[in-house]
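Chain residues, written in single-letter form:
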Amino acid sequence: MFTKTTKAFFAVAVAGLMMTACGDKDPKALLEGRINVSEPTELTFLYDINGDVYAEDVTTDSTGVFVFNPELQANEADIAIYTGHNVYGAFVEKGKSVSMEINGDNVTFTGDNVDRNEFVNAYEQAYSIWKFKPTPDQPFVYETYVANLEDGYKNATSKLAAVKDDAAREIYSRRNEARNNYYVIQNLSMHRRYVDKAEAAVLTAQMDSIIATIDPNADETRLSGLINFWYNNAKLSDYLPKEINYYGYTPAMYAIIDSVLDNEANKKSLYSTLGNMFFMYQPSDSAITAFMEQVEPYIANAPMIKKTFQNYIDERAKIIKDGDAIPCDAVLITPDGTKTTLFEQLQGKVVYIDFWATWCGPCCREIPFMEKVVEQFKGNDEIRFLSISCDEDLDAWHEKLKKDNPDWPQFVFTQKSNKEFCEAMQINGIPRFIIVGRDGKLISANAARPSNKDIVSILNTAIENK
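One structure accompanies this document, and this report is about it. (Residues numbered from 1 in each chain as written. Predicted model: local features only at pLDDT ≥ 70, side-chain atom pairs only at ≥ 80, totals over all residues. Heavy atoms only, no water.)

**What to know about unusual backbone geometry**
Working note: non-glycine residues mostly have negative phi, and peptide bonds are mostly trans.
Here's step 1: Residues Ile430 and Pro431 are joined by a peptide bond in cis, for which omega reads 5°.
Here's step 2: Turning to its location among the elements, Pro431 is positioned in the loop between α14 (415-425) and β14 (432-436).
Here's step 3: With a phi close to 55°, Asn50 is a non-glycine residue in the positive phi region.
Here's step 4: At Gln347, a position not held by glycine, the phi torsion is positive, near 55°.
Here's step 5: Here Gln347 is to be found in the loop between α11 (342-346) and β11 (350-356). (Helix = DSSP H or I, 4+ residues; strand = E, 2+ residues; numbered from the N terminus.)

**Observations regarding the layout of surface pockets**
Here's step 1: Of the voids in this model, the second largest pocket is the one considered here, and its volume is about 1,000 Å³.
Here's step 2: Lining the second largest pocket we find 32 residues, and of these Glu39, Pro40, Thr41, Glu392 and Gln415 sit closest to its centre.
Here's step 3: Among the elements of the structure, β3 (52-59), β6 (86-93), α13 (394-404) and α14 are those that each provide at least two residues to the lining of the second largest pocket.
Here's step 4: Residue contributions to the lining of the second largest pocket peak at five residues, all from α14.
Here's step 5: Its residues placed into classes, the lining of the second largest pocket shows eight nonpolar, 13 polar and eleven charged. (1 Å grid on protein atoms, 1.4 Å probe; cavity = no way out; pocket = protein on both sides within 12 Å on 5 of 7 lines; lining within 4 Å. Points joined across faces, edges and corners; volume = space filled by probe spheres on them. Nonpolar A, V, L, I, M, F, W, Y, C, P; charged D, E, K, R; others polar.)

**Side note on the state of the cysteines**
Here's step 1: Using the criterion set out here, one finds one disulfide in the structure.
Here's step 2: With a sulfur-sulfur separation of 2.4 Å, Cys360 is cross-linked through a disulfide to Cys363. Residues Cys360 and Cys363 are joined by a disulfide whose S-S torsion is about 80°; by sign, that bridge is right-handed. Each member of the pair, Cys360 as well as Cys363, carries the same accessibility label: buried.
Here's step 3: Free cysteine: Cys364, not disulfide-bonded; nearest cysteine sulfur from Cys363 at 6.4 Å.
Here's step 4: Judged by relative accessible area, which is 10%, Cys364 ranks as buried.
Here's step 5: Here Cys390 stays unpaired: no disulfide links it, and the sulfur of Cys422, its closest cysteine neighbor, is 4.5 Å away.
Here's step 6: By relative accessible area, Cys390 is classed as buried at 5%. (Disulfide = S-S within 2.5 Å. Buried < 20%, exposed > 50% of the residue type's maximum accessible area, 1.4 Å probe, protein only.)

**Side note on the nonpolar core**
Here's step 1: Within the largest apolar cluster, 55 residues are counted, with the highest numbers of intra-cluster contacts made by Leu342, Ile353 and Phe385.
Here's step 2: Apart from the residues lying within four places of it in its own chain, the contact partners of Phe385 are Tyr352, Met370, Val373, Val374, Phe377, Trp408, Pro409 and Leu459. (Core = buried A, V, L, I, M, F, W, Y, C linked by side-chain atoms within 4.5 Å. Contact = heavy atoms within 4.5 Å.)

**Remarks on a nonpolar patch on the surface**
Here's step 1: Where nonpolar side chains cluster on the molecular surface, the patch consists of Met277, Met280 and Tyr281 and spans about 330 Å² of accessible area.
Here's step 2: Positionally, Tyr281 belongs in the loop between α8 (264-280) and α9 (285-299). (Patch = residues over 30% accessible without salt bridge, like charges linked within 9 Å, V, L, I, M, F, W, Y side chains within 5 Å. Areas by Shrake-Rupley, 256 points an atom, 1.4 Å probe, with all protein chains shown as cover. Salt bridge = Lys/Arg side-chain N within 4 Å of Asp/Glu carboxyl O.)

**A word on the packing of aromatic side chains**
Any two aromatic rings considered together are summarised by their centre-to-centre distance and by the angle between their planes.
Here's step 1: Counted by the stated rule, this structure contains 32 aromatic pairs.
Here's step 2: Their ring planes at 70° and their centres at 6.0 Å tell us that Trp130 and Trp359 sit as a pair that is edge-to-face. Highlighted residues: Trp130 in the loop between α1 (114-126) and α2 (142-160) and Trp359 in the loop between β11 and α12 (361-376), separated in sequence by 229 residues.
Here's step 3: In textbook terms, an aromatic cluster arises when at least three aromatic residues are bridged by ring pairs, as seen for Phe119, Tyr123, Tyr127, Phe132, Phe140, Tyr142, Tyr145, Tyr172, Tyr182, Tyr183, Tyr194 and Phe229.
Here's step 4: Over the ring of Phe91 we find Arg116; its NZ or CZ atom is 3.9 Å from the centre of that ring. (Phe/Tyr/Trp six-rings, centres within 6.5 Å; stacked < 30°, edge-to-face > 60°. Lys NZ or Arg CZ within 6 Å of the ring centre and 35° of its normal.)

**A short note on the pairing of β11**
Note on strand geometry: in a regular strand, side chains alternate between the two faces of the sheet.
Here's step 1: Buried residues dominate β11, accounting for seven of its seven residues.
Here's step 2: Judged by which residues are buried, β11 turns out to be covered on both faces: Val350, Tyr352, Asp354 and Trp356 on one side and Val351, Ile353 and Phe355 on the other are all buried.
Here's step 3: Relative to strand β12 (residues 383-389), β11 runs parallel, the two sharing seven bridges. Its bridge partner lying in β12, Tyr352 is registered against Phe385.
Here's step 4: With α12 bridging β11 and the parallel β12, this β-α-β connection has right-handed handedness.
Here's step 5: Bridging between β11 and β14 involves five bridges; their strand directions are antiparallel. Its bridge partner lying in β14, Asp354 is registered against Phe433. (Pairing = 2+ DSSP bridges. Right-handed = clockwise from strand over helix to strand, strands pointing away.)

Okay, structure coming up:
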């Protein structure tokens, strides 16, 4: 699932027809376009302005037309555009307007700043996370990943040469090199797991030599992701007091980061990452209060980070608990294309539900265990088993079902219900399993996985719970 650091939702007026002529007094949108789809499709626009990361969702009309026209907090921005496993790029500038036509991997730009748009698009496509993310059906092959990176880097570099503005071209050149280095390190790191100790030591030395060149105060270090490699290898924890618990660790690291970095945007990036990790470990209310008091001096001028942290605090009161009703229904699609709903599938039985996706390795590793559990309860009319995929790539989902031939009901979310249901249920990661009672209420909002040695006993207890 695609995870979002910070969300800002804007009202977007979608034009009835792309390229409709406007009168002289009508302001043009920063970016308008069309993607080759036949139904409304959600696009996520992600961009960084001085270390604040904005993620905005825009839904196309049924012909694929979209308009992106937020109030930018800067004069210009480079945009990454995500939809499913496809990634595109664009450049927007206040007072200028550009149009893009998307057809598969092919993108055509017209309007202002075409040269910069073509580079940013080539850059985002070259370094798409999906080209370097192993899946069960497409496992990591070092030579393939190296070839993908070389081809992408070559294509991005060729577009870089056409950028007319000298200053912009220099900035993009540094960013291109930094992003390439990011994936060189990542590929070496993954390859290191599959070789003997001697070769692993050679690969580690190669990684270390690149990491040693990282400038932690450079913007491209933040924008390429290299800031995380720098942080993990900078041994900043050496500056920490010897006796410090986990909840005191994060505020102490804020102070160290503030002392060793000069770039405020890069500080914010690390503050955000560390803060998100802090909340991920479900701290107590008292730990949160202490944390917020201690980090306040460092995030005083970072309202987006403060808002994100406050959202975490607010959401704690809404956490779905055992005994709660499922917060919303979800529209589901069967393998033959029929639409149904989750509530229709509960059927007044105890239901064990698996939320998964074909691209999720841990999800796919649970499938053989799920098969065994389903077999053990075969013929027991008191319980149902459902698998609901979060895949947006329906071809990949169908191919996986064809390969595995599971003997229990399979569904996939619609794009809209996927987002709505997962947000309502606070499903922030998969695999996720839940157990629903006959009354439609949750027996377990975060149930044991099929691989758990006690899963049969857990499900029998749920069945006996009248």
